[in-house]
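Here are the chains, one letter per residue:
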Amino acid sequence: SEDVEPMLRIGKSYLNTKYVANTLDEDQEEKLIIQPKTVDCVTFVEYVLAQALGSSFTENLQNIRYRDGIINGYPSRLHYTSDWIDNGVRHGFLQDITAENSTYTTKLDLSYMSTHPKLYKQLANSPENVKRIAECEKVLTGKKVHTLPKNKLPDTGLTWIENGDIIAITTSLPGLDIAHVGIAYYIDDNLHLLHASSSLGKVVISEEPLRHMLDNYKSWTGIRVVRMSH
Ligand code: NAG
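Scoring rules and cut-offs
- Residues numbered from 1 in each chain as written.
- Predicted model: local features only at pLDDT ≥ 70, side-chain atom pairs only at ≥ 80, totals over all residues.
- Heavy atoms only, no water.
- Near = heavy atom within 4 Å.
- Polar contact = N/O pair within 3.5 Å; in protein donor to acceptor, adjacent residues only side chain to side chain.
- Areas by Shrake-Rupley, 256 points an atom, 1.4 Å probe, with all protein chains shown as cover.
- 1 Å grid on protein atoms, 1.4 Å probe; cavity = no way out; pocket = protein on both sides within 12 Å on 5 of 7 lines; lining within 4 Å.
- Sits in = over half its atoms within 2 Å of the grid points.
- Nonpolar A, V, L, I, M, F, W, Y, C, P; charged D, E, K, R; others polar.
- Points joined across faces, edges and corners; volume = space filled by probe spheres on them.
- Helix = DSSP H or I, 4+ residues; strand = E, 2+ residues; numbered from the N terminus.
- Expected span 1.5 Å × (residues − 1).
- Buried < 20%, exposed > 50% of the residue type's maximum accessible area, 1.4 Å probe, protein only.
- Contact = heavy atoms within 4.5 Å.
- Phe/Tyr/Trp six-rings, centres within 6.5 Å; stacked < 30°, edge-to-face > 60°.
- Salt bridge = Lys/Arg side-chain N within 4 Å of Asp/Glu carboxyl O.
- Pairing = 2+ DSSP bridges.

1. Thoughts on the site of the ligand
For the ligand, the full set of nearby residues is L24, D40, V42, T43, R77, H79, M113, Y120 and L176. Within the contact set of the ligand, an oxygen atom lies 2.8 Å away from a side-chain nitrogen or oxygen of R77. H79 places a side-chain nitrogen or oxygen 2.7 Å from an oxygen atom of the ligand. When isolated, the ligand has an accessible area of 370 Å², and the protein chains bury 81% of it. When each cavity is represented as a set of grid points, the ligand is found to reside in the largest pocket. In terms of residue class, the shell around the ligand is built from five nonpolar, two polar and two charged.

Structural data, given as structure tokens:
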């Protein structure tokens, strides 16, 4: 049954967990924060994936959250989901499902963090961090990635999108790649999203199908789908 899928089973165990933003940004010194009782959309998926991968949760989390698993200051954290996905694919614990199943592509154009340093505690007063982040953005900018435009996603989902898949929602916001992330969850043949919702303040299963959620936000353009490699 669907509950056998580990991402889904573990993800559901987080239902009602409180949504709190910026839990990774409190300390000046960058270190591995493990705070699964308060999550945002990204940290929710990270904790679930780290648990689903098995054996060492801490080691998994570090490999998921930091470029090549190495913690070396704020810029070593994988802030952009495209970078996060790239890292996971490179290290063999994620599979790019949209790349295998969708012919639609888009070119990455990343600049949001370096152009909005005031929005990030660790960038606001550190030109050095801004410079390093800008370098990371430059590496990925221009890279072609596969996506599924939202008008190609029916309420019922698609055969190649499975329970427990990680869904990353693409955005038209200039300089940013992904606006939100969550976990695919089929209910009565419709594809819903299991996610940490900032508006509801906790981890929920969306009442509406994912397609409706996408239609509600003009800047949400489509999705990328990635899967934990077993
Ligand atoms: C992401 C943030 C990242 C943070 C993560 C978890 C961006 C581009 N990325 O949305 O800095 O580590 O959430 O809180 O803002």
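2. Some details on empty space enclosed by the protein
Overall, the coordinates contain three cavities of 30 Å³ or more when judged by the stated rule. If you add up the space inside the largest cavity, you get close to 60 Å³. Lining the largest cavity we find V42, V45, E46, L78, H79, Y80, T81, W84, I166 and V181. Those elements that place two or more of their residues in the lining of the largest cavity are α2 (41-52) and α4 (81-90).

3. Re α2
Count 3.6 residues to each turn of an α-helix, and residues three or four apart come out pointing the same way. With 12 residues, α2 ought to run about 16 Å at 1.5 Å a step, and its terminal C-alpha atoms sit 17 Å apart, in line with that. Summarising burial for α2: 10 of the 12 residues are buried, a large majority. What α2 keeps buried is the set C41, T43, F44, V45, E46, Y47, V48, L49, A50 and A52. Put simply, D40 is the residue that caps the front of α2, since its side-chain oxygen is 3.0 Å from the backbone nitrogen of V42. Of the residues trailing α2, G54 is marked for its positive phi of about 80 degrees.

4. Digging into the side chain of T147
Relative to the assigned elements, T147 resides in the loop between β5 (144-146) and β6 (148-149). Residue classification places T147 among the buried positions, given a relative accessible area of 8%. Look past the residues within four positions of T147 in its chain and what remains in contact with it is T98, S102, Y104, T105, T106, T170, I223 and R224.

5. Re the packing of aromatic side chains
With the rule as written, the count across this model stands at three aromatic pairs. With centroids separated by 6.3 Å and ring planes inclined at 20 degrees, the aromatic side chains of Y47 and F57 adopt a geometry described as stacked. In this pair, Y47 sits in helix α2 while F57 sits in helix α3 (residues 57-65), placing the two residues 10 residues apart along the sequence.

6. Let's talk about the pattern of salt bridges
Applying the stated criterion across every chain yields a total of 11 salt bridges. Residue E162 is joined to R227 by a salt bridge in which the shortest nitrogen-to-oxygen separation is 3.7 Å. You can see E162 sitting in the loop between β6 and β7 (166-171) and its partner R227 sitting in strand β11 (residues 220-228), a full 65 residues away along the chain. With a relative accessible area of 16%, R227 lands in the buried category.

7. Notes on the pairing of strand β9 (residues 190-197)
Taking burial as the measure, the eight residues of β9 include seven buried ones, the bulk of the element. Direction of pairing for strand β8 (residues 178-187) relative to β9: antiparallel, over a ladder of five bridges. Residue pairing across strands places A184 opposite L193, the latter belonging to β9. Taken together, β8 and the strand that follows it, β9, pair antiparallel across an intervening segment of two residues, in which D188 is found at a positive phi of about 45 degrees. Sheet topology note: the β9/strand β10 (residues 202-205) ladder contains four bridges and is antiparallel. Across the sheet, H195 pairs through a bridge with V204, a residue of β10. With antiparallel pairing between neighbouring strands as the criterion, β9 and β10 make up a hairpin whose turn holds four residues, including G201 at a positive phi of roughly 75 degrees.

Remember that the coordinates give geometry; whether it matters functionally is a separate question.
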